[in-house]
Amino acid sequence: MATTKFTDADREKLFVQLEVPFDPAQVKWRVMRKSNDGRSGIILPFADPRAYTDRLNQLFTPAGWTREYTISTVPSLCRMERGKSIVTSKVLVAAAVTIARLGSHTGTGEEWADRENAVTAADAQAFKRACSCFGLGRYLYSFGETWVNLNGRGEPVTLPVLPVWALPPGMTVQPINGQAVDVRGPVDHKLTAEIERFRSTLGIDIYEEILRRAG
């Protein structure tokens, strides 16, 4: 029996549904880089791979899409961490996500082999990159770097509020602890760039101290 193809209208509707932002409860923040004193850091948002699989299952059922991946390694590499030279290898993962009657896309991920759960981390990265080719989770790549204060454990003291464009349709404010809060607009990249130019003029220590006090 021949498989019925999606109409152009069906495809367009599915792509729109794939691009819908995740529920704010599924979005977490990762510290990407810390200041020299460790009291502040740059954070970026991400979603667990389960949020991606849930969306695919919801739209296409578990039988309507597949995922295949290959793993390889690059041996005998050297990297520096905290002033020490570490000889290790790198785990490389290529993940192919295929949605029946919609197409297939491949994403790649990598992680240092000596890191905890290296294969899992590289696989998750590859899977999410493949999904972003369909529009799923792509909006998370639109966030600019955000500096926040960190506690003694290197964790953010406070988290940014998601802007309206990063919320599901109909949600105009992000619920936090059951209460509605004001939502900030999208990052002003021009203003951010102007502020960043002061980093070299003032020096990193003075620059970060001003950011902490202003924040």
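Residues numbered from 1 in each chain as written. Predicted model: local features only at pLDDT ≥ 70, side-chain atom pairs only at ≥ 80, totals over all residues. Heavy atoms only, no water.

## Section: the pairing of strand E2 (residues 40-47)
Reasoning step 1: Here E2 lies mainly inside the structure; 7 of its 8 residues are buried.
Reasoning step 2: Judged from the 7 bridges that link them, strand E1 (residues 27-34) and E2 form a sheet pairing that is antiparallel. In the sheet register, Arg30 faces E2, and the bridge partner there is Leu44.
Reasoning step 3: Here E1 folds back onto E2 in antiparallel fashion, the turn holding 5 residues, of which Gly38 has a positive phi close to 75°.
Reasoning step 4: Bridging between E2 and strand E6 (residues 146-149) involves 4 bridges; their strand directions are antiparallel. Along E6, the bridge assignment pairs Ile43 with Thr146. (Buried < 20%, exposed > 50% of the residue type's maximum accessible area, 1.4 Å probe, protein only. Helix = DSSP H or I, 4+ residues; strand = E, 2+ residues; numbered from the N terminus. Pairing = 2+ DSSP bridges.)

## Let's talk about the nonpolar core
Reasoning step 1: Formed by 29 residues in total, the largest nonpolar core has its most connected members in Phe22, Tyr52 and Leu56.
Reasoning step 2: Sort the elements by how many residues they give to this core and helix H2 (residues 49-60) lands first, with 4 residues.
Reasoning step 3: If near-sequence neighbours (up to four positions away) are discounted, Phe22 is found in contact with Val27, Ala47, Ala51, Tyr52, Arg55, Leu136, Gly137, Tyr139, Leu140, Ala166 and Pro168. (Core = buried A, V, L, I, M, F, W, Y, C linked by side-chain atoms within 4.5 Å. Contact = heavy atoms within 4.5 Å.)

## Points about helix H3 (residues 118-132)
Reasoning step 1: In a regular helix each residue adds 1.5 Å, so 15 residues correspond to 21 Å; H3 covers 21 Å between its end C-alpha atoms and thus fits that length.
Reasoning step 2: Looking at the packing, one finds that the buried side of H3 touches E2, H2, strand E3 (65-81), strand E4 (84-99) and strand E5 (103-112). (Expected span 1.5 Å × (residues − 1).)

## Things to note about the confidence of the model for the protein chain
Reasoning step 1: Of the residues in the protein chain, 80% reach a pLDDT of 70 or more, and the chain-wide mean stands at 85.
Reasoning step 2: Long-range and interchain partners of residues 178-187, a stretch whose pLDDT sits below 50, account for 26 contacts in this model, where long-range means more than four residues apart. (pLDDT = per-residue confidence, 0-100.)

## As for a nonpolar patch on the surface
Reasoning step 1: Judged by side-chain polarity, Tyr69, Ile71 and Val119 come together as a nonpolar surface patch covering roughly 280 Å² of accessible area.
Reasoning step 2: Relative to the elements of secondary structure, Ile71 occurs in strand E3.
Reasoning step 3: By relative accessible area, which is 46% here, Ile71 ends up partly exposed. (Patch = residues over 30% accessible without salt bridge, like charges linked within 9 Å, V, L, I, M, F, W, Y side chains within 5 Å. Areas by Shrake-Rupley, 256 points an atom, 1.4 Å probe, with all protein chains shown as cover. Salt bridge = Lys/Arg side-chain N within 4 Å of Asp/Glu carboxyl O.)

## Examining the sheet that holds E6
Reasoning step 1: On the basis of which strands lie adjacent, the open sheet formed by 3 strands has the order E1-E2-E6 and antiparallel pairing. Each of the sheet's edge strands pairs with one partner strand only, and the pair in question is E1 and E6. Taking the axes of each pair of neighbouring strands and ignoring which way they run, one obtains an average angle of 50° across the sheet. (Axes fitted to C-alpha atoms, helices over the stretch in contact; angles between N-to-C directions.)

## Regarding the pattern of salt bridges
Reasoning step 1: As enumerated under the stated definition, the model contains 8 salt bridges in all.
Reasoning step 2: Of the charged contacts, one joins Glu145 and Arg33 as a salt bridge, the two residues approaching to 4.0 Å between their closest N and O atoms. Of this pair, Glu145 sits in the loop between H3 and E6 while Arg33 sits in strand E1, placing them 112 residues apart in sequence.
Reasoning step 3: On the basis of relative accessible area, Glu145 is assigned to the partly exposed category, the value being 48%.
Reasoning step 4: Assessed through its relative accessible area of 42%, Arg33 is described here as partly exposed.
Reasoning step 5: The closest approach of N and O atoms between Asp123 and Arg67, which form a salt bridge, is 2.6 Å.

## Observations concerning the packing of H2 against H3
Reasoning step 1: Viewed as axis vectors pointing N to C, H2 and H3 meet at an angle of 40°, and their least axial separation amounts to 10 Å. Comparing the axis directions of H2 and H3 gives the class oblique. Where H2 crosses over H3, the handedness of that crossing is left-handed. Contacts from Pro49, Tyr52, Thr53 and Leu56 in H2 reach Ala124, Phe127, Lys128 and Cys131 in H3. (Parallel < 35°, antiparallel > 145°, perpendicular 65-115°, else oblique. Left-handed = near helix turned anticlockwise from the far one by under 90°.)

## Examining the packing of helix H1 (residues 8-18) against H2
Reasoning step 1: Put simply, H1 and H2 touch, their axes get as near as 11 Å, and they point 155° apart. Put simply, H1 runs roughly antiparallel to H2. Where H1 crosses over H2, the handedness of that crossing is right-handed. Listed contacts from H2 to Leu14, Gln17 and Leu18 of H1 are Arg55, Leu56, Leu59 and Phe60.
Reasoning step 2: In terms of residue class, the contact of H1 with H2 is made up of 5 nonpolar, 1 polar and 1 charged. (Nonpolar A, V, L, I, M, F, W, Y, C, P; charged D, E, K, R; others polar.)

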